[in-house]
Amino acid sequence: QVQLVESGGGLVQAGGSLRLSCAASGRTFSTYDMAWFRQAPGKEREFVAAITWSGGNTRYADSVKGRFTISRDNAKNAVYLQMNSLKPEDTAVYYCAARRSFSAVAALYDYWGQGTQVTVST
């Protein structure tokens, strides 16, 4: 069982940066692959980035490649999403998720946080 709590969202101007954090409970966090998804109003939840349990492999959506960086600290039971050069189209609720196999498909993830709102103004 893994419980996830996101933080770090907020309002930022276009071109700015935010760092999202996801704190996980449970002694088995280091065995889970982790991902960030986002959902804008009226849209489906979409994949943003994923990282393997060891941190040795990452994957990004084309829309965020080169601007966002996913990382994790297993000693702190945490995963992060550094977001730079933010655009208004990045506005969404951002969720972290956990599963035991690397995937970009939201439906396959077993555990989800409650989400944190990111709003990028023009």
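Our structure is the block above this text.
Residues numbered from 1 in each chain as written. Predicted model: local features only at pLDDT ≥ 70, side-chain atom pairs only at ≥ 80, totals over all residues. Heavy atoms only, no water.

1. Overview of the pattern of salt bridges
Then, number 1: Taken as a whole, this structure holds four salt bridges when the rule is applied.
Then, number 2: A salt bridge links arginine 38 to aspartate 90; the shortest N-O distance between them is 2.9 Å. Remark: aspartate 90 occurs in the loop between strand S8 (78–83) and strand S9 (92–99) and arginine 38 occurs in strand S4 (residues 33–39); sequence separation between them is 52 residues.
Then, number 3: Note on arginine 38: relative accessible area 6%, which makes it buried.
Then, number 4: Note that lysine 65 and aspartate 62 form a salt bridge whose closest N and O atoms lie 3.1 Å from each other.
Then, number 5: Shared partners join several salt bridges into a network, and the residues in it are Arg38, Glu46, Arg67 and Asp90. (Salt bridge = Lys/Arg side-chain N within 4 Å of Asp/Glu carboxyl O. Helix = DSSP H or I, 4+ residues; strand = E, 2+ residues; numbered from the N terminus. Buried < 20%, exposed > 50% of the residue type's maximum accessible area, 1.4 Å probe, protein only.)

2. Focus: the environment of lysine 43
Then, number 1: Along the polypeptide, lysine 43 turns up in the loop between S4 and strand S5 (46–51).
Then, number 2: Residues lysine 43 and alanine 92 lie 49 residues apart in sequence; the distance between their C-alpha atoms is 9.5 Å.

3. A few points about the pairing of S4
Then, number 1: The element S4 is largely enclosed, with a buried count of six among its seven residues.
Then, number 2: Here seven bridges tie S4 to S9, and the two strands are oriented antiparallel to one another. Within S9, the position partnered with methionine 34 by the bridge is alanine 98.
Then, number 3: As consecutive antiparallel partners, S4 and S5 are separated by six residues, and within that stretch glycine 42 has a phi angle of approximately 75 degrees, a positive value. (Pairing = 2+ DSSP bridges.)

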